[in-house]
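Fold and geometry: a report
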Amino acid sequence: MADIEPYESALDSVPGAHPYPRTSRYHDAEIGLHRLPDGTEVRYAKRRLLPPVGEQETQDHTVGAGERPDLLAQHYFGDPGQWWQIADANPVLDPRELTEEAGRVIAVPAAGGFPRGDRRV
């Protein structure tokens, strides 16, 4: 087992490889490289830009009592880990704001994700 390369090193030999799975919100984020004074290289995900609010195909959802972003993601996308898509479609800083208040109407993106193109910061 000592001969197994770390995940990041193994990816270096694969052109176009990305350290985040396709379902991750960071999959399309550019990977930066910072070199420390001692020469050590540190990889990091650069800023992730959000799709423009209101320019993606969405449907309205009226929040019910006890709902959470992860439960909505499971319902709409079949994966609770995709809660970030719902958060990205709504102008909130904290995803918990989405479901704090029963009766609130939030946008849920169409299954399949956001279209590529211009994104906002």
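Below you will find a few notes about this structure. (Residues numbered from 1 in each chain as written. Predicted model: local features only at pLDDT ≥ 70, side-chain atom pairs only at ≥ 80, totals over all residues. Heavy atoms only, no water.)

**A word on the pattern of salt bridges**
Pairing of side chains with opposite charge becomes possible as their charged atoms draw close. Here the structure, examined in full by the defined rule, presents 4 salt bridges. Between Glu30 and Lys46 there is a salt bridge; the shortest N-O distance is 3.4 Å. Pair noted here: Glu30 is in the loop between α1 (7–12) and β1 (31–35) and Lys46 is in the loop between β2 (41–45) and β3 (58–62), with a separation of 16 residues, a long-range link. By relative accessible area, Glu30 is classed as exposed at 52%. For Lys46, a relative accessible area of 33% translates into the label partly exposed. The residue Arg68 makes a salt bridge to Asp70 at a minimum N-O spacing of 2.7 Å. (Salt bridge = Lys/Arg side-chain N within 4 Å of Asp/Glu carboxyl O. Helix = DSSP H or I, 4+ residues; strand = E, 2+ residues; numbered from the N terminus. Buried < 20%, exposed > 50% of the residue type's maximum accessible area, 1.4 Å probe, protein only.)

**Here's the deal with helix α2 (residues 69–77)**
Residues of α2 that are buried: Pro69, Leu72, Ala73 and Phe77. For α2, the angular spread of the buried residues around the axis is 100°, confining them to a single face. Where α2 is buried, its residues contact β3, α3 (83–88) and β4 (105–109). Where α2 ends, the next residue or the one after it, Gly78, has phi of about 75°, a positive value. (Arc of directions from axis to C-beta. Contact = heavy atoms within 4.5 Å.)

**Here we look at the side chain of Gln82**
For Gln82, the position within the fold is in the loop between α2 and α3. A polar contact is formed between the side chain of Gln82 and the side chain of Gln85, at a distance of 2.7 Å. If we skip the residues at most four places from it in the chain, Gln82 touches Thr23, Ala73 and Phe77. (Polar contact = N/O pair within 3.5 Å; in protein donor to acceptor, adjacent residues only side chain to side chain.)

**Focus on the environment of Glu57**
With respect to the element layout, Glu57 can be found in the loop between β2 and β3. It is 5.8 Å that separates the C-alpha atoms of Glu57 and Ala110, two residues lying 53 residues apart in sequence. Leaving out residues up to four positions away in the same chain, Glu57 has contacts with Val108, Pro109 and Ala110.

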